[in-house]
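# A look at the structure
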Amino acid sequence: MGKTSSQFMHRVLVARGGALSAKSGLGGTHTRFLDLLKSGNVEGFHCAESLEYALTSNPLKKGFLRWFSHPKMVRKAISKQKIDLLHITDQEQAHLIPKNANIPVSVYVHDLFHIFPTTMNIDGEVIEIGDQDPGFLRKRDLRNLRTGLSRADLFLCNSESTKTQVEQNFPNIPAIALPFSIDIQRYNPQTNALSFPDWFDKSCQNMLLVGSEEPRKRIPFLIRTLGSLSDEEKSKFIIHKIGFESSHKSREKVEQLAREHAVRLNWIGGVDEHDLIASYQHADALLFPSAAEGFGLPVVEAMAAGTMVLASDLPAHNMHLREGFLVSAENPDAWKEAISRQLSEPRDVSELMIKDAQRYSDDYFCKQLSEAWKQLFENKIR
């Protein structure tokens, strides 16, 4: 399929559904992916067109756009233009893959938690990974997503852990681990020093909690652990929660739990990239007790800023860190001890963290992406 000349600039159609904000996880990676492809650094490939649609709160319009008009637009773009490759930027848009595309199709897979939900048992606590009881429309949605994924020619997975999940569910479709990149220099306080955030407290340690309130993030576990510290220790820090809340109700639950355990929690919510990077650069530590991640982007972002990270020793975020920064997910006392130790340490930029983050550079990602796509046209991945 397609042209095989290594000198040919393959035209890539990049597609997603609704135009999620660049402040969100999937929205941010989509935007960065497009920027990298348009930069000309993915050798042999360039962006011919990108397709998306404006988000709407109207449920009928939302359904029409997702399941009818937008898939039709993708099919039309493939048939009317000289497109060599269709790339879907996240697994939740796999329904856009036509039944007979007649060109190679790749999908970037961040995780399969919501498409194939499961549970974990950590120290007697049952943790839901993905939605365990989707409604009627979501069940239909999931069936279509699985069908769409089965039509792909190549899965680009953001970690070895995600690659394993993909291979278990789609054993006949090639999958490659291709961790995503970040703009390393923008996070580095030595090359892009940003001001101390206004919402930080100069009188104590400022710790970050970055992400959603999904059960797998284990925020209640963290707050209970922090609540078990002495009053003196609790006076030494404040937790800043960054990231769009899953719902107003979920926020209320987290804030109520923090009050019950006398843990100071400052709910920031969604922020732009500048404020996010400034937070990483000046934070004393990122606390990341997650039970499961497709990649664990906040860990890499904190590393690139030279910030201390304490993370649970579970996939996929445990692939980023050296052993000394990983804490047993099943041991609350280990977390309590690690946090107590952190509270006794003066803040310092970690050159080791910055060094380890270099493997997530844009140059490396673009090179690996180019090689993976070229193999599609050289029939090495089919």
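Presented here is a report on the structure given in the accompanying data block. Computed from a predicted structure; not experimentally measured. (Residues numbered from 1 in each chain as written. Predicted model: local features only at pLDDT ≥ 70, side-chain atom pairs only at ≥ 80, totals over all residues. Heavy atoms only, no water.)

## Observations concerning the sheet that holds strand β10 (residues 237-242)
One open sheet accounts for six strands, arranged β11-β10-β9-β12-β13-β14; its pairing is parallel. Each edge of the sheet is formed by a strand with only one pairing partner; in this case those strands are β11 (265-269) and β14 (326-327). Note that β10 and β11 share four bridges and pair parallel. Bridge pairing links His240 to Asn266 in β11. The strands that helix α11 (residues 332-343) touches are β9 (205-210), β10, β12 (285-288), β13 (309-312) and β14; relative to β13, the one it contacts most, it runs at about 175°. (Pairing = 2+ DSSP bridges. Helix = DSSP H or I, 4+ residues; strand = E, 2+ residues; numbered from the N terminus. Contact = heavy atoms within 4.5 Å. Axes fitted to C-alpha atoms, helices over the stretch in contact; angles between N-to-C directions.)

## Remarks on the pattern of salt bridges
For the structure on display, the rule yields 18 salt bridges. With a closest N to O distance of 3.1 Å, Asp141 and Arg66 form a salt bridge. A residue pair is termed long-range when its members are at least 10 positions apart, and Asp141 in helix α3 (residues 136-149) and Arg66 in helix α2 (residues 59-80) qualify at 75 residues. Per residue, the accessibility class of Asp141 equals that of Arg66, and both read buried. Salt bridges here are not isolated pairs; linked through shared partners, they connect Arg66, Glu92, Arg138 and Asp141. (Salt bridge = Lys/Arg side-chain N within 4 Å of Asp/Glu carboxyl O. Buried < 20%, exposed > 50% of the residue type's maximum accessible area, 1.4 Å probe, protein only.)

## Things to note about α2
An ideal rise of 1.5 Å per residue puts 32 Å on 22 residues; α2 measures up with 30 Å between its terminal C-alpha atoms. Maximum bend of α2: about 45°, positioned at Leu65. Along its buried surface, α2 packs onto β1 (10-18), β2 (45-53), β3 (85-88) and α3. Capping the start of α2, Asn58 holds a side-chain oxygen 2.9 Å from the backbone nitrogen of Leu60, two or three residues further along. (Expected span 1.5 Å × (residues − 1). Bend = angle between axes of the 7 residues up to and from the residue. Polar contact = N/O pair within 3.5 Å; in protein donor to acceptor, adjacent residues only side chain to side chain.)

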